[in-house]
Amino acid sequence: MTIYIGNLSYQATEDDVREVFTEYGTVKRVVLPVDRETGRMRGFAFVEMTEDNDEETAIADLDGAEWMGRQLKVNKAKPRER
């Protein structure tokens, strides 16, 4: 499962996001998409963890939490629509 993190601060780095989620378990991957034209972060991220139950706990604890001055939207990522 992949976790979607929305309303993320534009100052957040991959290391910042990884640090928050490692409190819940082992993080396999963190992706912070950037805008192709400007190179700026797009304000959301994806996190993959090794254990599904760790992901579920992180989602339950962090959805709606305030972090870096923003209220996070954290949920299970939906497959990309074409």
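Figured I'd write up the structure that's included with this text. All residue numbers refer to position in the chain's written sequence, counted from 1. Whole-chain, interface and lining totals are the exception, using all residues; otherwise, since this is a predicted model, local features are given only for residues with pLDDT of at least 70 and side-chain atom pairs are given and counted only at 80 or more. With hydrogens and water set aside, each side-chain value is computed from the structure's full complement of heavy atoms.

**Things to note about the overall build of the protein chain**
Inference 1: Where helices and strands are cited, they refer to DSSP runs of H or I of at least four residues and of E of at least two residues respectively, numbered from the N terminus. When its secondary structure is counted, the protein chain shows two helices and six strands.
Inference 2: Secondary structure elements of the protein chain, listed N to C terminal, follow the sequence β-α-β-β-α-β-β-β.
Inference 3: With C-alpha atoms as the basis for the radius of gyration, the globule rule is written as 2.2 Å multiplied by the number of residues raised to the power 0.38. In summary, the protein chain has a C-alpha radius of gyration of 12 Å against a globular reference of 12 Å for 82 residues, a match within 12%.
Inference 4: With the C-alpha coordinates of the protein chain rotated into their principal frame, the extents come out at 35 × 35 × 20 Å.
Inference 5: For the protein chain, buried positions account for 37% of its 82 residues.
Inference 6: Residue contacts are defined here by distance: any two heavy atoms, one from each residue, within 4.5 Å place the two residues in contact. Put simply, 62% of the contacts in the protein chain that link residues at least 6 apart link residues at least 24 apart.
Inference 7: Summed over its atoms, the accessible surface of the protein chain is roughly 5,600 Å², and 41% of this surface lies on carbon and sulfur atoms.
Inference 8: Lys and Arg are tallied as positive, Asp and Glu as negative. Neither His nor the chain termini are counted. Each charge is placed at NZ for Lys, CZ for Arg, CG for Asp and CD for Glu. Of the charged side chains in the protein chain, 12 are positive and 17 negative; the average position of the first set lies 9 Å away from that of the second. Working definition: with a 1.4 Å probe on protein chains only, accessible area under 20% of the residue-type maximum means buried, over 50% means exposed, and in between means partly exposed. Per-residue accessibility takes into account occlusion by the displayed protein chains alone, with areas from the Shrake-Rupley method and a 1.4 Å probe.

**Quick notes on the pattern of salt bridges**
Inference 1: Here a salt bridge means any side-chain nitrogen of Lys or Arg lying within 4 Å of a carboxyl oxygen belonging to Asp or Glu. Overall, the coordinates contain two salt bridges when judged by the stated rule.
Inference 2: A salt bridge links Arg29 to Glu48; the nearest nitrogen and oxygen atoms lie 2.6 Å apart. Of the two residues, Arg29 sits in strand 2 (residues 27-31) while Glu48 sits in strand 3 (residues 45-49), which places them 19 residues apart along the sequence.
Inference 3: Take Glu48: its relative accessible area is 18%, and that puts it in the buried class.

**Side note on the side chain of Glu55**
Inference 1: Of note, Glu55 is situated in helix 2 (residues 52-62).
Inference 2: Lacking a salt bridge, the buried Glu55 has Lys28 as its closest oppositely charged neighbour, with an N-O distance of 6.7 Å.
Inference 3: Separated by 2.9 Å, the side chain of Glu55 and the backbone nitrogen of Met49 make a polar contact.
Inference 4: Not counting chain neighbours up to four residues away, the residues in contact with Glu55 comprise Met1, Thr2, Ile3, Val47, Glu48 and Met49. A 3.5 Å cut-off defines polar contacts: any pair of N or O atoms within that distance qualifies, except that in protein one atom must be a possible hydrogen donor and the other a possible acceptor, and neighbouring residues in sequence count only when both atoms are side-chain atoms.

**Quick word on the packing of aromatic side chains**
Inference 1: For Phe, Tyr and Trp, where Trp contributes only its six-membered ring, two rings pair if their centres lie within 6.5 Å, and the inter-plane angle classes them as stacked under 30 degrees, edge-to-face over 60, or tilted in between. Per the stated rule, a full pass over the model turns up three aromatic pairs.
Inference 2: An angle of 35° between the planes, with centres 5.9 Å apart, marks the rings of Tyr4 and Phe44 as tilted. In this pair, Tyr4 sits in strand 1 (residues 2-6) while Phe44 sits in the loop between strand 2 and strand 3, placing the two residues 40 residues apart along the sequence.
Inference 3: Using a relative accessible area of 25% as the deciding quantity, one classes Tyr4 as partly exposed.

The values reported here are purely geometric and, on their own, carry no functional implication.
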